[in-house]
Amino acid sequence: MKFLTFIAILVLIWTIGLFAFADRVRGFTPAPEPARADAIVALTGPSAERVNAAIRLLEQDKGQRVLISGVNREVRRQELRALTPGSNRLFNCCVDLGFEAEDTTGNAQEIADWAEAKGYDSLIVVTSDYHMPRALTEIRAAAPGVELTPYAVETPSLDNSRWWKAAVTARRMTLEYMKYLAALARATVGGGRPAATEAPADAATEKAA
């Protein structure tokens with residue numbers, strides 16, 4: 001009986017956590033106007049919108065350079081450029097492509113290495129709203145001391161307080177919550193380093209999400 005009670009409590013805690021996570025996800029959008037940072041990083045995903053958002057921020061002088069992390073090795077620079085509206089000059093001079101990342105953990109390490117090599121202390125992080133909590137957790141662990149400003153791209157299908165009523169949105173939110181918990185556990189176990197601070201608050205490129 002005690003065991004069943006214990007399991008029931010765990011399930012209740014997990015469910016409350018899931019809804020709190022979903023509320024946090026929805027709170028990332030619409031993204032507020034970010035303060036200028038040293039640079040901008042975009043994590044590739046299921047559409048080109050993350051990259052487009054990062055390029056728009058670069059055009060607005062919100063950072064010196066952009067790193068697009070997790071680019072498919074088969075994608076050539078000119079093909080990626082064709083997917084993004086905006087200035088050819090800025091794209092050619094101020095956009096770096098990262099081909100090493102295979103997942104979000106890889107994104108975080110690629111971003112950390114790039115920021116360290118460039119001497120950047122503050123970054124605007126561009127990714128989808130549902131992916132933002134996990135991305136921030138992974139980047140904090142890989143790049144301690146770097147200030148992170150989230151700039152989330154809205155996922156229209158999740159812009160609904162009753163996301164749990166549709167199988168597709170419920171599955172996406174639940175899977176991302178589980179991945180987030182795993183990332184949080186890894187960051188906690190591998191802790192001991194100062195946490196980075198968080199400022200107040202996808203197409204042929206897809207490799208990491």
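Residues numbered from 1 in each chain as written. Predicted model: local features only at pLDDT ≥ 70, side-chain atom pairs only at ≥ 80, totals over all residues. Heavy atoms only, no water.

1. What to know about the state of the cysteines
Throughout the structure, instances matching the rule amount to one disulfide. Through a disulfide, C93 is tied to C94; the S-S separation comes to 2.3 Å. On the S-S bond that ties C93 to C94, the torsion sits near -70°, and the link is left-handed. The class of C93 is partly exposed, set by a relative accessible area of 35%. Residue C94 is classed as buried on the basis of its relative accessible area of 13%. (Disulfide = S-S within 2.5 Å. Buried < 20%, exposed > 50% of the residue type's maximum accessible area, 1.4 Å probe, protein only.)

2. Looking at the pairing of strand β1 (residues 39–43)
Burial analysis of β1 places five of its five residues in the buried class, which makes it a mostly covered element. Side-chain alternation along β1 places A39, V41 and L43 on one buried face and I40 and A42 on a second face that is also buried. The pairing of β1 with strand β4 (residues 122–128) spans four bridges and is parallel. Note on β4: the bridge partner recorded for V41 is V125. As paired strands, β1 and strand β2 (residues 66–69) are joined by four bridges and run parallel to one another. Bridging across to β2, A42 finds its partner in I68. (Helix = DSSP H or I, 4+ residues; strand = E, 2+ residues; numbered from the N terminus. Pairing = 2+ DSSP bridges.)

3. Observations concerning the packing of aromatic side chains
Within this structure, the stated rule accounts for seven aromatic pairs. When the centroid spacing of 5.2 Å and the interplanar angle of 45° are considered together, the rings of F19 and W163 count as tilted. Placement of the pair is F19 in helix α1 (residues 2–27) and W163 in the loop between β5 (147–153) and α7 (167–189), with a sequence separation of 144 residues. Look at F21 and Y177: their rings are 5.6 Å apart centre to centre, the planes differ by 45°, and that puts the pair in the tilted class. Here F21 is found in helix α1, whereas its partner Y177 is found in helix α7, with 156 residues between them in sequence. (Phe/Tyr/Trp six-rings, centres within 6.5 Å; stacked < 30°, edge-to-face > 60°.)

Just distances and angles here, no functional claims.
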